[in-house]
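# Architecture at a glance
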Amino acid sequence: MPTPKLKLAFKYLTATQVRKRLGLSRFQFDHRIELGIFPQPTYTDETGVQRVRYFDEDWVRTAQAILDNKM
């Protein structure tokens with residue numbers, strides 16, 4: 001599992017944190033991003049072997065609004 005960088009973890013939320021807030025499984029979350037239903041992550045750190053996606057509060061509000069409108 002990728003480890004978020006401390007300085008970025010203070011500024012952004014990780015995918016795991018966002019999924020919990022939105023109440024989505026990993027598949028549901030990733031699939032919506034792949035299909036373009038949700039916007040792309042705010043920032044993606046690809047400096048290590050694995051990439052870590054970061055999301056800001058505006059991204060979370062947008063995703064929540066999309067979910068609210070779909071239901």
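The structure contained in this document is the topic of the report that follows. (Residues numbered from 1 in each chain as written. Predicted model: local features only at pLDDT ≥ 70, side-chain atom pairs only at ≥ 80, totals over all residues. Heavy atoms only, no water.)

## Here we look at the overall build of the protein
We apply this condition: Helix and strand labels come from DSSP, where a helix needs a run of H or I of at least four residues and a strand needs a run of E of at least two; each type is numbered from the N terminus. To get the radius of gyration, use the C-alpha atoms; to get the globule rule, take the number of residues to the power 0.38 and multiply by 2.2 Å. Residues are treated as being in contact if the distance between any of their heavy atoms lies within 4.5 Å. Note that accessible areas follow from Shrake-Rupley with a 1.4 Å probe, and for residues the cover is restricted to the protein chains shown. For the purpose of charge, His is not counted, nor are the chain termini; Lys and Arg are scored as positive and Asp and Glu as negative. Positions of charges follow a simple convention, taking NZ of Lys, CZ of Arg, CG of Asp or CD of Glu.
What the protein contains, in helices and strands, is four helices and three strands. Along the protein, helices and strands appear, N-terminal first, in the series α-β-α-α-β-β-α. For 71 residues, the compact-globule estimate of 2.2 N^0.38 gives 11 Å, and the C-alpha radius of gyration of the protein, at 12 Å, lies within 12% of that figure. Within the protein, contacts between residues separated by at least 24 positions form 55% of all contacts whose residues are at least 6 apart in sequence. Accessible surface, the protein as shown: approximately 5100 Å² in total, 53% of it carbon and sulfur. Charge separation in the protein, taken as the distance between the mean sites of 12 positive and 8 negative side-chain charges, equals 3 Å.

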